[in-house]
Amino acid sequence: MRSEAAGSVAPIRVLPSALVEFPALMERVGSHPPRLFLDFDGTLAEIVDDPGSAALLPGLAPVLSRLASRGPVAVVSGRERTDVQRRVPVEGLTFAGSHGLDIQGPGLSHRVGEEGIAALDRVFPDLAESVLELPGVRLERKSLGLAVHFRNTPAESHEALHQAITGIAAGEPTLRVIRGKMVLELRPSVSWNKGDAVRWLESQPGFTGPAGVSIYIGDDLTDEDGFAAVGSEGVGIVVRGESDERLSAARFALSGPSEVARLLERMAAHVDPRG
Ligand SMILES: [Mg+2]
């Protein structure tokens, strides 16, 4: 049953460390390799001012490769699938880009929301005109979204930015606004998020495997859908970010990408002791 965890949330600051509680975590995982779902920015890569320079943490590629040799590993990101794929050059992984709208992995491929592309093309000029006059704003055209990054924008401009984007979205019923960490994104208004991508993957050959536990690790608000998807049968691990007060459906926490790397190394040693 997955309903139990859906309502179970706690502030991130009270969640136990997945490293300190590693034995309990592995007891839950059991003897089968887990199904791993991993966010990229703030999870496998440090958050950087320029999203274009975000890079997989050094040393993680062989760890991910070792994990993928034993069980399914998916990288689930808000980035374009091809973008995140390029940043995680590891064979045998599955990639779910654009918040899960665009999935590709060994023997599987799935795209959702392509009907919103025409609307994205339509609003692009207006959006560019209204947001690019604000300082520090970066606009990113994705194949299935329009992302407005405002990490480098002064706080006093955030409200104007938000209003410009929601105003444009209000005129386009096939689009909706998704809020991430210092990013607002216009996306096709299909009911599909990172959690739906996780559920879809869990039903695919290669992910169904021998009763492995699903583990989802991520830092962002959008990763809460992933934690809810793995539910009480799985394990959600939230990476602490700017606010520890946020409520999360995750069961454990980690301090940052370097702790994620340590956890994945220990997990690889656990599921592949001879590697
Ligand atoms: Mg993230």
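Residues numbered from 1 in each chain as written. Predicted model: local features only at pLDDT ≥ 70, side-chain atom pairs only at ≥ 80, totals over all residues.

A look at the overall build of the protein chain
Within the protein chain, the secondary structure is distributed over nine helices and 14 strands. Considered along the principal axes of its C-alpha atoms, the protein chain spans approximately 55 × 40 × 35 Å. In the protein chain, buried positions account for 44% of the 275 residues. Nonlocal contacts in the protein chain, meaning residues at least 24 apart in sequence, comprise 62% of its contacts between residues at least 6 apart. (Helix = DSSP H or I, 4+ residues; strand = E, 2+ residues; numbered from the N terminus. Buried ≥ 20, exposed ≤ 12 C-beta atoms within 10 Å, placed from the backbone. Contact = placed C-beta atoms within 7 Å.)

Regarding the nonpolar core
If you look at the biggest cluster of nonpolar residues, it comprises 53 residues, and the most contacted ones within it are Leu67, Ala74, Val75, Ile237 and Leu264. No other element matches the seven residues that helix α9 (residues 257–271) contributes to this core. With residues near it in sequence (within four places) discarded, isoleucine 237 still touches Ala18, Ile215, Ile217, Ala250, Phe252, Ala253 and Leu254. Counting residues in hydrophobic clusters, the runner-up holds 14 residues, among them Leu127, Ala147, Val148 and Ala164. (Core = buried A, V, L, I, M, F, W, Y, C linked by C-beta atoms within 7 Å.)

A closer look at the packing of helix α3 (residues 60–68) against α9
Where α3 contacts α9, the two axes come as close as 9 Å, and the packing angle between them is 35°. The element α3 and its partner α9 pack so that their crossing is left-handed. For the pair formed by α3 and α9, the contact residues are Leu60, Val63, Arg66 and Leu67 on the first element and Ala261, Leu264, Glu265, Met267, Ala268 and Val271 on the second. Tallied by class, the residues present in the contact of α3 with α9 amount to eight nonpolar, no polar and two charged. (Axes fitted to C-alpha atoms, helices over the stretch in contact; angles between N-to-C directions. Left-handed = near helix turned anticlockwise from the far one by under 90°. Nonpolar A, V, L, I, M, F, W, Y, C, P; charged D, E, K, R; others polar.)

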